[in-house]
Amino acid sequence: MITAQRIGITGAYVGLRGPQSLVVIRRKVDRRLDRYDAHKRRDQIDAVKLVLQTLAKEIPVFTQKLLAVDERRCQPYGHRRNRYVAAEREQLYRPSRKDLAQQRSIKVEDFWLATCLGPTQKRELISEAYEAAGVERLSSTTEW
């Protein structure tokens, strides 16, 4: 998980409730100092995109790990049939719904993000991102 020696992103919070979404990124600046960057976004998918984009830019292996975690959790015959993220746009939705891949996806760094996600699915994706990045999930009660 998180070690005291790690410099860079060590935690994140994504608040998806209310009229605006809030993203807080905690960065370890030096051994004893943390910096918190807070960003308000107009909607939930922008908040999800921001946290994925930030993690992908700052953690080199994040994209590959996120794609692997998402693929592992997406079972073709289980309750979850669509992927949340994919290397290719066409991989996001079922082959019979190519129209969704064109209309309901956005490019984030070097992968595609499905935008046709409900609140529960967005929270699941954020959890996958925390797992792939190895960062701590901050709570809304954390003193920023």
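Structure: see above.
The shown structure was predicted, so the numbers you read here are calculated from the model rather than taken from an experiment.

K.L.:
For this particular structure, what's the right way to read the pairing of strand 2 (residues 21-28)?
P.N.:
Along a regular strand, successive side chains alternate from one face of the sheet to the other. Burial analysis of strand 2 places seven of its eight residues in the buried class, which makes it a mostly covered element. Inspection of the sheet shows strand 1 (residues 8-15) paired to strand 2 by seven bridges, in the antiparallel sense. Looking at strand 2, one finds that Gly15 is bridged to Leu22. In sequence, strand 1 turns back onto strand 2 through a hairpin of five residues, with Gly18 there showing a positive phi of about 90 degrees. Note that strand 2 and strand 3 (residues 34-41) share eight bridges and pair antiparallel. The residue of strand 3 that forms the bridge with Val24 is Ala38.

K.L.:
Would you explain the sheet that holds strand 7 (residues 136-137) in this entry?
P.N.:
Where strands meet in a sheet, backbone hydrogen bonds hold them as pairs that are either parallel or antiparallel. With mixed pairing, the four strands of this open sheet are ordered in space as 3-2-1-7. The outermost strands of the open sheet, each flanked by one partner alone, are strand 3 and strand 7. Across the face of the sheet, helix 1 (residues 44-58) comes into contact with strand 1, strand 2 and strand 3 while running at roughly 15 degrees to strand 2. Of the strands in this sheet, strand 1 and strand 7 touch helix 4 (residues 119-133), which is tilted by about 170 degrees from strand 1.

K.L.:
So what exactly am I meant to see when it comes to the pairing of strand 5 (residues 105-108) here?
P.N.:
Both strand 5 and strand 6 (residues 111-114) contribute to a ladder of four bridges, which runs antiparallel. Residue pairing in the sheet places Ile106 in a bridge with Leu113 of strand 6. Taken together, strand 5 and the strand that follows it, strand 6, pair antiparallel across an intervening segment of two residues, in which Glu109 is found at a positive phi of about 55 degrees.

K.L.:
Just checking my understanding: could you explain the nonpolar core for this structure?
P.N.:
A general tendency of soluble globular proteins is for nonpolar side chains to be buried together. Counting residues in hydrophobic clusters, the biggest one holds 38 residues, and the most contacted among them are Leu52, Leu55, Phe62, Leu66 and Leu125. Elements represented by at least two residues in this core include exactly strand 1, strand 2, helix 1, helix 2 (62-73), strand 4 (85-86), helix 3 (98-103), strand 6 and helix 4.

K.L.:
Whenever I open this one, unusual backbone geometry confuses me. Can you help?
P.N.:
Of all residues except glycine, most have a negative phi; of all peptide bonds, most are trans. For Glu109, which is not a glycine, the phi torsion comes out positive at approximately 55 degrees. Note on placement: Glu109 falls in the loop between strand 5 and strand 6.

K.L.:
Mind showing me how you'd approach helix 1 here?
P.N.:
At 3.6 residues per turn, the α-helix brings residues three or four places apart onto the same side. The end-to-end C-alpha distance of helix 1, which contains 15 residues, comes to 22 Å, matching closely the 21 Å that a straight helix rising 1.5 Å per residue would cover. Of the residues making up helix 1, those classed as buried are Ile45, Ala47, Val48, Leu50, Val51, Leu52, Thr54, Leu55 and Ala56.

K.L.:
What exactly am I supposed to notice about the environment of Ala133 here?
P.N.:
As for its placement among the helices and strands, Ala133 is situated in helix 4. Taking relative accessible area as the criterion, Ala133 reaches 8% and is therefore assigned buried. Sequence-wise, Ala133 and Ala56 are 77 residues apart; in three dimensions their C-alpha atoms are separated by 8.6 Å.

K.L.:
How do you make sense of the environment of Glu90 when you look at a structure like this?
P.N.:
Within the secondary structure, Glu90 sits in the loop between strand 4 and helix 3. Taking the relative accessible area as the measure of exposure, Glu90 reaches 48% and is therefore partly exposed. Separated by 15 residues in the primary sequence, Glu90 and Ser105 have C-alpha atoms spaced 9.6 Å apart. Among all residues touching Glu90, those that are not within four sequence positions of it are Ala101 and Gln102.

Reading the values: rules and limits
Residues numbered from 1 in each chain as written. Predicted model: local features only at pLDDT ≥ 70, side-chain atom pairs only at ≥ 80, totals over all residues. Heavy atoms only, no water. Buried < 20%, exposed > 50% of the residue type's maximum accessible area, 1.4 Å probe, protein only. Helix = DSSP H or I, 4+ residues; strand = E, 2+ residues; numbered from the N terminus. Pairing = 2+ DSSP bridges. Contact = heavy atoms within 4.5 Å. Axes fitted to C-alpha atoms, helices over the stretch in contact; angles between N-to-C directions. Core = buried A, V, L, I, M, F, W, Y, C linked by side-chain atoms within 4.5 Å. Expected span 1.5 Å × (residues − 1).

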